[in-house]
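# Chain and residue survey
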Amino acid sequence: MPSLPPVSAPTVKERRPAAPSETTPSLPFAARHRHLVALLAALLMVLAWLVGHDVTDRVTTSSNVPHGSESMNAGRVLAQDFGTRAPDLVLLARAGEPVDGPRAASAGRALTRRVSADPAVGRVASYWPTRRAALRSRDGRGALVLTWLKGGAPSGRTSAGDVARTAARFTGRAGPLRVAAAGDLLVRDEVARQAAHDVRHSELVALPVALALMALVFGSVVAAALPLLVGVFAVLGTMAVLRVLTGVTDVSPYAVNISVALALGLSLDYSLFLLARYREERAKGAAEPGALRTMLRTSGRAVAFSAATVALAMSVLLVFPHALLRSTAYGGITVTVMAALGALVVLPALLALLGDRVNRLDLLAPLRRRSSRRATAAASGKAPGGWGRIATVTVRHPLLVGLPAVVLLLLLAMPFGGARPGVSDYRVLPAQHPAAQATAALQEGFPHADLASTTVVLRGLDAKAAAPSLDRYARRLSALPGVARVDTVTGGYRHRRHVIPAGPEAARFTSPRGTYLTVAAPGEPYGPANTALARQVRAVPSPVPALVGGPGALAADAQQPVTDRTPLALGMAVAVVLLLVLAFTRRPMLAVKALLLNALSLCATFGAIVYVFQEGHLRGLVGDFTVTGTTDTFLPVLVFCIAFGVSMDYEVILLSRIVEEHDLTGDTATAVVRGVDRTAALFTWAAIILTVVMAALATSQLTFLKLIGVSLALAALLDATVVRGLLVPAAMAVAGRANWWTPSWLPRRPRPRPEPEPGPGEDPAPGRTATERAASG
């Protein structure tokens, strides 16, 4: 494992007290006002905790269907014109005897009365006493109590816990009945509750491990604690901003977990880059003011550039209308700003306050003294480290090393071609969760409950006057593949045949404002088959303009904007990376290389995720989860925007040093070897720390968060090893002089020039070039 250079004690000359006129002007602003900055940071953290400590209770468990979509409008019209909408809560009562038996029936009627009397309940439809066959299970030992809450909405927008708290009052034993709760709103509430638990659990896992890793990197426990303090600063600030946003927009519970993980990961990475450069300058003999200024000019510049890249990449998610993606964008942008603010302002102030005390409690002093000699030899070019030796072999034999690495990534990417997009349902919860078990039992045991049917609203259609056209339309719908039955005011239809005449219950399908139909089909309500059916129903010509709703239509409306807007999002992300890397390096070839290698790495990550989560392989490595045979529609675009931005951390560090070395030597091979050798420790440790944080997120009991955590951890590891360690040196060696081509319309980078001798209290390392001062990492 590569290590970072330790800090050597300042010389006696450097310890002498300096006059304020000597040192104060040379300190950076944050260090010069360190007491004020530290006080303001502490006050801000306390205020942020007071504002944001209950953000997990304020998130919105709305569906990820854009407001104003056809399915949402269909649900609204059904509720307003026909008084029909999906129940907010489904109570599933099971007995050890037939539900029509005297004991079970008596308990069922008592349960129905108790539910009806609850102040939160607006309406109830129970098997008892109606004896409606659709509300009785196949085996006759289960029955349903459908419940609509007061103030419910077709959109399903509720605050976290509303439905779950109501369900808790009725579940459990009720005489001979065992009552469980199911339904979409309950599942979303339970997801929010589990996410709130998991965010606290992931913090408890990530923080101690990150502290141990930082202590291993820096040796000093005090130095190791500073990045964690910056991470806590970023987490609290982000939670406060998300809490404020819950008052004006929907904030997904997933967005909170993802934002907390990103806050810790980015803060630790940024602080690692800055602290490493500060300690490197102090090890060279620089006085504290000069070390702080050099840290901010070099690694600080890289951190600012990286933060801009991550924030712009996260802002790409704003092109999508989904609450999950938009709230993750808000959280990601806030995270980046808070992490950069903590690293560039709070951290320098803390370093100035601590001075040499930052090196106290060095637990690895003997080991670090030996690694210091190795690091010094490596820095002088006499003894390259492990990554430097690998880079030397790679630039000599770029195709021999690069082609196998490309083949490896392509093999990992292959399963991505078989991805089947889907929408998360109750199976995102652990299989043993009561809500997941009840919902699975509901779908399996009550095939005629019509809770998953596709609905078609024909607003303005007079059922009596247009009965022939309505009959023809229902027959066409019943002929669609997979349709089990079509019901409307004129009766029931199967396979183009009118098989059930209209009965008394048929009156519910019509109102003075129009008519509606239900299209029943077996299978998962939000599964690919039901989603495809909803699209087919929309393609069938209707007597009047139709509004198609139901679970399949909701899933289709959730997926369609992702399909439509992904090209725009990809184009924006590509443009951001190309322009920023081009502005940073002034070399188009380096910008194009960064884009292609990042894309290859992400495709390999997506392929591995499909292989594990969609196909169900290697489940023991990532924890148990329910295999659905689909990949969540939102996962690729979400992981792409996060990982694409975060990967630029390593790209900036590596490219800046390679460009610097080329400016000094004019030789591509030498520049690549030295650049990799002198930055590998940073991006290797950064990747390890980010992987730990994301692995903590992957310990979540929710499959979606587990997917996000594993995806980002794998992307970080591939990026720091295969891509930066092997493919970047190989690609640059093959490109040769083309790497350094600069178009005439771009201003060229300044050539290295000697720096003037430092004044009192300034950097005592003379002879460094301007490029060395500006280089990151």
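Above this text is the structure in question.
Residues numbered from 1 in each chain as written. Predicted model: local features only at pLDDT ≥ 70, side-chain atom pairs only at ≥ 80, totals over all residues. Heavy atoms only, no water.

Glancing now at the sheet that holds strand β2 (residues 121-126). Taken together, the 5 strands give an open sheet; going across it, the order is β2-β3-β1-β5-β4, and neighbouring strands pair in antiparallel fashion. Looking along the sheet, the strands with just one partner apiece sit at the ends: β2 and β4 (172-174). Neighbouring strand axes in the sheet, compared pairwise and without regard to direction, differ in orientation by 30° on average. Bridge analysis of strand β1 (residues 89-95) against strand β5 (residues 177-182) gives 6 bridges, and the strand direction is antiparallel. In the strand pairing of β5, Val90 is matched with Ala182. Here helix α19 (residues 434-445) sits on the sheet and contacts β1, β3 (142-149) and β5; the angle it forms with β5, its principal contact strand, is near 95°. (Pairing = 2+ DSSP bridges. Helix = DSSP H or I, 4+ residues; strand = E, 2+ residues; numbered from the N terminus. Axes fitted to C-alpha atoms, helices over the stretch in contact; angles between N-to-C directions. Contact = heavy atoms within 4.5 Å.)

A few words now on the nonpolar core. Core analysis: the biggest nonpolar cluster contains 198 residues, and Trp128, Leu144, Leu177, Tyr270, Leu272, Leu351 and Ile708 have the highest contact counts within it. The next biggest cluster of nonpolar side chains, apart from the first, holds 31 residues, and it includes Val456, Leu477, Val483 and Ala553. (Core = buried A, V, L, I, M, F, W, Y, C linked by side-chain atoms within 4.5 Å. Buried < 20%, exposed > 50% of the residue type's maximum accessible area, 1.4 Å probe, protein only.)

Right, let's get into the pairing of strand β9 (residues 491-494). Alignment of strand β8 (residues 485-488) against β9, held across 3 bridges, turns out to be antiparallel. Considered in β9, the bridge of Thr488 is made with Gly491. Counting the residues in the hairpin turn of β8 and β9 gives 2 residues.

What follows is about the packing of aromatic side chains. Following the criterion strictly, the structure yields 7 aromatic pairs and no others. Relative to Phe644, the ring of Phe640 lies with its centre 4.7 Å away and its plane at 20°, an arrangement referred to as stacked. Of this pair, Phe640 and Phe644 both sit in helix α25 (residues 635-646), 4 residues apart, roughly one helical turn. Phe644 shares its class with Phe640; the two are buried. These aromatic residues form a ring-pair network of at least three members: Phe82, Phe509 and Tyr516. For the cation-ring pair, Arg123 lies above Trp148, with the distance from its terminal atom to the ring centre recorded as 3.9 Å. Against the face of Phe625 rests Arg619, its NZ or CZ located 5.3 Å from the ring centre. (Phe/Tyr/Trp six-rings, centres within 6.5 Å; stacked < 30°, edge-to-face > 60°. Lys NZ or Arg CZ within 6 Å of the ring centre and 35° of its normal.)

Here the focus is the packing of helix α10 (residues 184-218) against helix α27 (residues 668-697). Any two packed helices are characterised by how steeply their axes cross, that is the angle between the axes, and by the distance between the axes. Relative to each other, α10 and α27 sit at 165°, their axes nearing to 8 Å. Between α10 and α27, the interaxial angle falls into the category roughly antiparallel. Pair α10 / α27 crosses with right-handed handedness. Along its contact with α10, which presents Ser202, Val205, Ala206, Val209, Leu213, Met214, Leu216 and Val217, the element α27 presents Trp685, Ile688, Ile689, Val692, Val693, Ala696 and Leu697. Across the contact of α10 with α27, the residue classes break down as 14 nonpolar, 1 polar and no charged. (Parallel < 35°, antiparallel > 145°, perpendicular 65-115°, else oblique. Left-handed = near helix turned anticlockwise from the far one by under 90°. Nonpolar A, V, L, I, M, F, W, Y, C, P; charged D, E, K, R; others polar.)

Another point: the pairing of β8. Side-chain positions along a regular strand alternate between the two faces of the sheet. Of the two faces of β8, the one carrying Arg485 and Asp487 and the one carrying Val486 and Thr488 are both buried. Pairing between β8 and strand β12 (residues 514-520): 3 bridges, direction antiparallel. Within β12, the residue paired with Asp487 across the bridge is Thr518.

Taking 1.5 Å as the rise per residue, α10 with 35 residues should run 51 Å; its terminal C-alpha atoms sit 49 Å apart, in good agreement. Among the residues trailing α10, Gly219 stands out with phi positive, at a value near 80°. (Expected span 1.5 Å × (residues − 1).)

So, about helix α21 (residues 528-539). The first and last C-alpha atoms of α21 sit 17 Å apart over 12 residues, in line with the 16 Å expected at 1.5 Å per residue. Buried residues along α21 sit in contact with β7 (454-459), α20 (467-478), β12, β13 (546-549) and α22 (551-585).

Counting across every chain of the model gives 25 salt bridges. Across the pair Arg193 and Glu190 runs a salt bridge whose closest N-O atoms are separated by 3.4 Å. In this pair, Arg193 and Glu190 are both assigned in helix α10, 3 residues apart and thus about one turn of the helix distant. When its relative accessible area of 48% is taken as the criterion, Arg193 is described as partly exposed. Judged by its relative accessible area of 13%, Glu190 is buried. A salt bridge links Arg427 to Asp425, with the nearest nitrogen and oxygen atoms 2.8 Å apart. Residues joined by salt bridges that share partners form a network here, namely Arg657, Glu660, Glu661 and Arg674. (Salt bridge = Lys/Arg side-chain N within 4 Å of Asp/Glu carboxyl O.)

Function cannot be read off these values alone, since they describe shape.
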